[in-house]
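Summary of structural features
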Amino acid sequence: MNSNELLIELRKFVLTKSGLRNIDPAHCKVISEYVFQETKNYVSETTIKRFFGFANTLHKFSLFTLNSLSQYVGYSDWDAFMRDKKDHVSVTQSLWQTLKLKARAITDTSLVIKKNNSGVPFESTSKRSFYYPDFDYFLKNNYQFATVSAQPGHGKSILMAHLVEHFFNSEQAPYKNDIVLLINSEVIMSTIQAGLSLNEWFFKEFNFPSVSDMIIHFKNNPNQKEGRFIIIIDGIDDYLSSNIRFKLFIDFLYSIEENNFFKTVISVRTHTWINLQPALTGSAFLTKSWYTGVFYDEETMSNVPPLSVKEILYTLSHIEKKPITISDISQPLITQFKTPFWLQVYFKLSTEFISLELEDPLLCYELINYFLEKKIFLAKKSTEKIFLLKKITEHISQGNKGLRVAKENILSYIDSYPDAYEELLYTGILIEEKRFSTVVPTEIIRFLNDDIYIYFLFIQITEIFKYKSSKAFFEYILQNFSPKTVLRNNILNWSVRFCVNRNEIAELKNILMLPFTNEEKNKAFDFICSVAKYELNKPNSMFNKQSIGQDFIDLMASGRTMSKLYKETIKNISDNVLNQDIQIMLHIIECNILLIDIDKASLVNTMQLLKRNYKRLNELFPINPYDLILYFYNNLINKPNEGRSLEDKIIKLCHFIDQSPPLRNEALTSAEILCYRLVLLTLFAQKNYAECHRFIMAILNKYPNIFYIRNSVFSPFLLIHLGHTYLKLNYYKKAQRIVDFLDKIIKCDYTYYTPFISVGFFIFKASFYNCIHHYEQSIIESSKGLEIAEREDFKMLEVALYLLKIDSLKHTDVPEEVSNIIKELLNFLSHHKISMPDYTNLNGGDFEQTFKVLKSYRK
């Protein structure tokens, strides 16, 4: 036995003595204590970790360590252990089995190193079985060597480890008689550090002067051959970066004689393969005997495809220790995780402070920021690297296979900082590839993925504006990036994150005010919620409990999206903000949400918090919102309201607004928006349509251009409410004009409206067509609204739409359909355990009796 084999044996004995079948780093402390108890010699936990391969071993183990461990397993010292093991080696053991035992010792050590270097726990990694048929075909057919080439971070090393375990080492391995020698970069570098050439190392380990000599021996003595000899060489990119070593490696491949039992697998990065392939194709023998694999892509020179969704879910389920389905992950994150490297970044980030769910799109940006912070901003030569990345970003253009730049265009920058450039390639941030579509094949450079390019593109924008967001900052984005593109969406999201990080919340209003598309505004608003929720819970954030102010309230009041994320954000921040006035405002928004959700229990709790500040509510708002919310709560629990007192307050407020001088839209406050909305809903619920009309006209008198606001949902809300009022007052022509006007402004892509407004508009149109006896069209509008309301979980609006649909169907000759919709409504109420408050019925008086019957029905 050689020294490696003896160490393998000693490890097995130590494990057996300690009562362990397998070992992980946590066991090393226990073994250290066992050794001390048995021998009174202290072998540290760190030394035990190095002994079992859980930490890098830069030198040989001391004689003290080996003696102590030998004594622990029952020998007097290390020499006694070695003598005993050598005596037990059978003299009849074949040469093949001897070679196999020696190779197994090296392979096992390499496997331990690979598993310990895995960015995700090895047992959580996907087996990438796409390559198994390829590898099996290579073994069984007349090929001499195969390459596994991929960009950094695509999981080549983990794939190699799984291949070795599946085909050679596991209990069900199909090729147990074959010899597999897995050589890591650590084996090669330790050989070099010991002053040996690779041939000298091979001779020392296997007693053959070279691989070529071993092949000749078995060709001359075929009866001694018991299988195949497979060498798997992984992680040698650094080794091949030296011209001398590169030539030695090519000579090694050329020296392999044609045979049917010796095979070589080389795992390299694509930028190494770019240099290696031309040298190999110069040999007819190597060209004929090189197996590329089914998945080889000539353009990228890679044969490792991205992770499949199934493989991503497998790894995430193991990381999270619970089943993860595709519905649990945002689509951009699935795209990002197709590169295995990002799963490693996620695993590292998840062990530190992070409160983000997989479905949160912010996670993509936090992963990118975390990765670049570690690999660029806090790394050596960060200034040079950032400079290079910016210059590459400036020169990048769209090619037929994505964003890239010809290397010759930035060669002067690379020549200025060659070391920094090489490190960017080694860490995988930059990728070098060959472009064969041109007359002369050229080298091109691209980023690991487009998201990193977009990040540095965004960094350059912040530099233009001296790291300060402003209206001009967002106008630049508007003018320089095409609408409805992934690029502009990502730039906007980075901008949102930038503003919230720096607590420049007021500047985010520019997204709603400038002519970005409605989809972009809605996505940006959701992203504001996501970032705000995350930053609030992050240590040392500038956006914190103390700093949240009126600007944030203005944003939240302008974009009443009613999404799940919006609800969570409002709740989370209202529970934590320290400014009492801001907290009160958030509680008012929260009550609005709970009324739409018909959530009586939560509404009571929030109302109690508001009641404690009743006096302050009178000071902050033109009318006390608690009184208005109480009216709806009583409605929810079927408790009679003392309507006169509240009605007097509303009439008084209406007179006050009406007497105000005309103001510009900019003067409209969030306190007014929140109050006016509640007042109008209250008047409508009271069926006081004339006063409702007077109140809207008073608002219009104070803010003559309010219907032209395009950066807040309050304007379309007011229009829809005015339309409903016209219907109740039988002003159908005026209602028709509002339908036409809303249709026109909603079709304008730059108008800001939300799914909640869309459903509100469908309710208004369904009511309008119902009033003018176009029942078929009313049913169509109701169905469209129900589809969105169900998707967005707008419970109050769903009830209103069901009731409208029932009323319309009652006027058509489809009695069975009426019964079906009634059943759907009752099932909906039963499933969500909610009631049907009076304010959900927007139908005319002839529907009152039907509504009362439905409301009183109990399953």
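Residues numbered from 1 in each chain as written. Predicted model: local features only at pLDDT ≥ 70, side-chain atom pairs only at ≥ 80, totals over all residues. Heavy atoms only, no water.

**Observations regarding the overall build of the protein**
When you go through the protein residue by residue, the secondary structure sums to 43 helices and nine strands. Taken over the C-alpha trace, the protein has a radius of gyration of 36 Å; the compact-globule value for 859 residues is 29 Å, which it surpasses by more than 25%. When the backbone C-alpha atoms are referred to their principal axes, the protein occupies close to 105 × 65 × 55 Å. Of all 859 residues assigned to the protein, the portion counted as buried reaches 55%. Counting contacts in the protein only where the partners sit at least 6 residues apart, residues at least 24 apart contribute 71% of the total. Here the protein has roughly 38,300 Å² of accessible surface; of this, 52% comes from carbon and sulfur atoms. (Helix = DSSP H or I, 4+ residues; strand = E, 2+ residues; numbered from the N terminus. Rg over C-alpha atoms; globule rule 2.2 N^0.38 Å. Buried < 20%, exposed > 50% of the residue type's maximum accessible area, 1.4 Å probe, protein only. Contact = heavy atoms within 4.5 Å. Areas by Shrake-Rupley, 256 points an atom, 1.4 Å probe, with all protein chains shown as cover.)

**Focus on the environment of Thr 561**
Following the sequence through the fold, Thr 561 ends up in the loop between helix H28 (550-558) and helix H29 (564-576). Among the residues examined, Thr 561 registers a relative accessible area of 3% and is labelled buried. Placed 521 residues apart in sequence, Thr 561 and Lys 40 show a C-alpha to C-alpha distance of 69 Å. What Thr 561 contacts, discounting residues up to four positions off in sequence, is Asn 522, Phe 525, Asp 526, Tyr 566, Tyr 752, Thr 754, Phe 756 and Phe 794.

**Things to note about the packing of aromatic side chains**
Scanning the model with the defined rule gives 62 aromatic pairs in all. Between Trp 290 and Tyr 296, the ring centres sit 5.9 Å apart and the planes meet at 85 degrees, which makes this aromatic pair edge-to-face. Each member of the pair, Trp 290 as well as Tyr 296, is classed as buried. Across from the ring centre of Phe 138, 4.9 Å away, lies the NZ or CZ of Lys 263, which sits over that ring. Above the plane of the ring of Phe 717 lies Arg 677, whose end atom (NZ or CZ) is 5.7 Å from the centre. (Phe/Tyr/Trp six-rings, centres within 6.5 Å; stacked < 30°, edge-to-face > 60°. Lys NZ or Arg CZ within 6 Å of the ring centre and 35° of its normal.)

**Points about the pattern of salt bridges**
Inspection of the entire model under this criterion finds 42 salt bridges. For Arg 791, the salt bridge is made with Glu 792, and the minimal N-O distance between the two is 3.8 Å. For Arg 791, a relative accessible area of 56% gives the class exposed. (Salt bridge = Lys/Arg side-chain N within 4 Å of Asp/Glu carboxyl O.)

**Comments concerning the packing of helix H24 (residues 471-480) against helix H25 (residues 486-501)**
Between H24 and H25, whose axes approach to 10 Å, the crossing angle comes to 170 degrees. It follows that H24 is roughly antiparallel to H25 by the angle criterion. In this structure, H24 uses Phe 473, Phe 474, Ile 477 and Leu 478 to contact H25, whose residues at the interface are Arg 488, Ile 491, Leu 492, Ser 495 and Cys 499. Counted by class, the contact of H24 with H25 contains seven nonpolar, one polar and one charged residues. (Axes fitted to C-alpha atoms, helices over the stretch in contact; angles between N-to-C directions. Parallel < 35°, antiparallel > 145°, perpendicular 65-115°, else oblique. Nonpolar A, V, L, I, M, F, W, Y, C, P; charged D, E, K, R; others polar.)

**Brief notes about the side chain of Arg 497**
Checked against the element boundaries, Arg 497 lands in helix H25. Within the structure, Arg 497 has its side chain in polar contact with the side chain of Glu 366 (distance 2.8 Å). With near-sequence residues (within four places) excluded, Arg 497 lies in contact with Leu 362, Tyr 365, Glu 366, Asn 369, Phe 527 and Val 531. (Polar contact = N/O pair within 3.5 Å; in protein donor to acceptor, adjacent residues only side chain to side chain.)

**Regarding the packing of helix H6 (residues 95-117) against helix H8 (residues 156-169)**
Geometry of a packed helix pair, given as the angle between the helix axes and the separation of the axes. Following both chains from N to C, one finds H6 and H8 inclined at 140 degrees, their axes separated by 10 Å at the closest point. Taken as axis vectors, H6 and H8 run oblique relative to one another. Our pair here, H6 against H8, has a crossing hand that is left-handed. Across the interface between the two elements, Arg 104, Thr 107, Asp 108, Leu 111, Lys 114 and Lys 115 of H6 pack against Ser 157, Ile 158, Met 160, Ala 161, Val 164, Glu 165 and Asn 169 of H8. Taken together, the residues of the contact of H6 with H8 break down into five nonpolar, three polar and five charged. (Left-handed = near helix turned anticlockwise from the far one by under 90°.)

**Side note on empty space enclosed by the protein**
Summed over all chains, the structure comprises three cavities of 30 Å³ or more. There is about 550 Å³ of room inside the largest cavity. If you trace the largest cavity, you find 29 residues lining it, with Leu 681, His 721, Met 796, Leu 797 and Leu 842 closest to the centre. The set of elements that each furnish at least two residues to the lining of the largest cavity consists of helix H30 (580-597), helix H35 (670-685), helix H37 (714-728), helix H39 (755-771) and helix H41 (795-810). Of all the elements, H37 adds the most residues to the lining of the largest cavity, at five residues. In terms of residue class, the lining of the largest cavity is made up of 17 nonpolar, seven polar and five charged. Roughly 160 Å³ of volume is contained in the second largest cavity. Along its surface, the second largest cavity is lined by 14 residues, and Thr 125, Ser 126, Gly 155, Ile 158 and Pro 340 are the ones closest to its centre. For the lining of the second largest cavity, the elements supplying multiple residues, two or more each, are H8 and helix H18 (340-351). (1 Å grid on protein atoms, 1.4 Å probe; cavity = no way out; pocket = protein on both sides within 12 Å on 5 of 7 lines; lining within 4 Å. Points joined across faces, edges and corners; volume = space filled by probe spheres on them.)

**Here's the deal with the side chain of Asp 178**
The residue Asp 178 is located in the loop between H8 and strand S2 (179-183) in this model. Given the relative accessible area of 7%, Asp 178 is considered buried. Of note is the side chain of Asp 178, whose polar atom sits 2.8 Å from the backbone nitrogen of Arg 228. When near neighbours in sequence (up to four residues on either side) are disregarded, Asp 178 contacts Lys 100, Phe 168, Gly 227, Arg 228 and Ile 230.

**Some words on a negative patch on the surface**
On the surface, a cluster of negative charge is contributed by Glu 787, Glu 790, Glu 816, Glu 817 and Glu 824. Examining the composition of the negative patch, we find that three residues originate from one element, helix H42 (residues 815-832), more than from any other. In this fold, Glu 824 is placed in helix H42. (Patch = residues over 30% accessible without salt bridge, like charges linked within 9 Å, V, L, I, M, F, W, Y side chains within 5 Å. Lys, Arg positive; Asp, Glu negative; His and termini not counted. Charge placed at Lys NZ, Arg CZ, Asp CG, Glu CD.)

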